[in-house]
Structure formats: structure tokens, C-alpha cells
Amino acid sequence: MFDKEKLIDNLYSSIGAFICISLLSLLHFSDYGEIWLIPPFGATMVLVMAVHKSPLAEPKNIFFGHTLSALSGVVIYMLMGSSFISLGVAVGLSVFVMTLFNSIHPPAGANPIIAILGGKSLSFVLMPVALGALFIIIFAIFYNKLLKREYP
């Protein structure tokens, strides 16, 4: 009924996602005083663990996709504030810059919404977005190598 090797690989993917998000959560709830988590990181984990061979899971796409999209949201928020138009403009801009820089990462499309609805400043781009994305990339490289899986 189930392919045993595929089932084991799926289990390893789930364990990897659990470990990485748990570590980010530990940092998030620690005394460091900064947030380390944003919801799109959960979707990024699906890509780097379950479909790690996908171009959408490439480290460059994860880092620049998340960072450029967050920056798009913060800049539009600074220029236009929070409105239905600014949300649309920010997401549209994030799609444009991700395609322009050939760094498409679908989970990052949510970052401008978070930036605008949360009234985020430029510091949001660095923490949690850029540093969190970098953490996920490093974790995914080591974890997938440990499992002898092809990534990146």
C-alpha cells in the first residue's frame, strides 16, 4: 500500500521541519527580545524538507525571496501606510522584485502582508526575515546532507 522508502523519507522531512521550527521557536521565546518566526517560514520548511530538489527551495531563492519581499512591504508601508491598495501594491512589488532578481520563493509572498498589517520598520527585514531565512538555509543544508539527500 505504501512505499516504505518514501514513507521513511517523508518521516525524515517531518522531523527536519519539527527540529528547525522548534529551534527558531526556542530563540523566539528566549530572552533575546527579538522575534525569530514569521508564518511563511512554515511554508519554507515544506519546500526545503519535502521538495528539496525544487528550484523554489534553492538557498538563493529562500534568502532573496524572503528579504526582497519583506523590504517591498516595509517600503510600501512607509510610503502609503496600511490600506487595501498598499497591500496589493506591496505584494505585486514583491512578485516583481522576486522575478527581476530570479529569486522566486512563494512563501515569501506573504511577507509584505505581514509588514504592512504589522506596521513593520526596516529592522523587520533583518530580523526575523533575513536572519531567519539564513538559519533555515543553513539548517536545511546540514540536515539534508546528513540524510544524504540532494540539496541544494
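Residues numbered from 1 in each chain as written. Predicted model: local features only at pLDDT ≥ 70, side-chain atom pairs only at ≥ 80, totals over all residues. Heavy atoms only, no water.

> Please explain unusual backbone geometry as it appears in this structure.
In most cases, non-glycine residues show a negative phi, while peptide bonds are predominantly trans. With an omega of 20 degrees, the peptide bond running from M127 to P128 counts as cis. With respect to the element layout, P128 can be found in helix α6 (residues 123-146). Going from Y151 to P152, the amide bond is cis rather than trans, its omega being -10 degrees. A positive phi angle, close to 50 degrees, is found at N102, a residue other than glycine. Examined against the element boundaries, N102 turns out to sit in the loop between α4 (84-100) and α5 (111-117). N102 sits in the exposed class, given a relative accessible area of 55%. At K148, a residue that is not glycine, the phi angle is positive and equals roughly 60 degrees. Examined against the element boundaries, K148 turns out to sit in the segment after α6. Note on K148: relative accessible area 76%, which makes it exposed. (Helix = DSSP H or I, 4+ residues; strand = E, 2+ residues; numbered from the N terminus. Buried < 20%, exposed > 50% of the residue type's maximum accessible area, 1.4 Å probe, protein only.)

> Got a minute to help me understand the environment of L117 in this structure?
Within the element layout of this structure, L117 appears in helix α5. On the accessibility criterion, L117 (59% relative accessible area) is exposed. The spatial distance from the C-alpha of L117 to the C-alpha of L87 is 8.3 Å, given a sequence separation of 30 residues. Sequence-distant contacts of L117, defined by excluding residues within four places in its chain, comprise S82 and L87. (Contact = heavy atoms within 4.5 Å.)

> Hey, could you run me through the side chain of R149 in this one?
Inspection of the secondary structure assignment puts R149 in the segment after α6. Its relative accessible area of 10% is what places R149 among the buried residues. From its side chain, R149 meets the backbone oxygen of M49 in a polar contact 3.3 Å long. Residues within four places of R149 in sequence aside, it is in contact with D9, S13, M49, H52, Y143 and N144. (Polar contact = N/O pair within 3.5 Å; in protein donor to acceptor, adjacent residues only side chain to side chain.)

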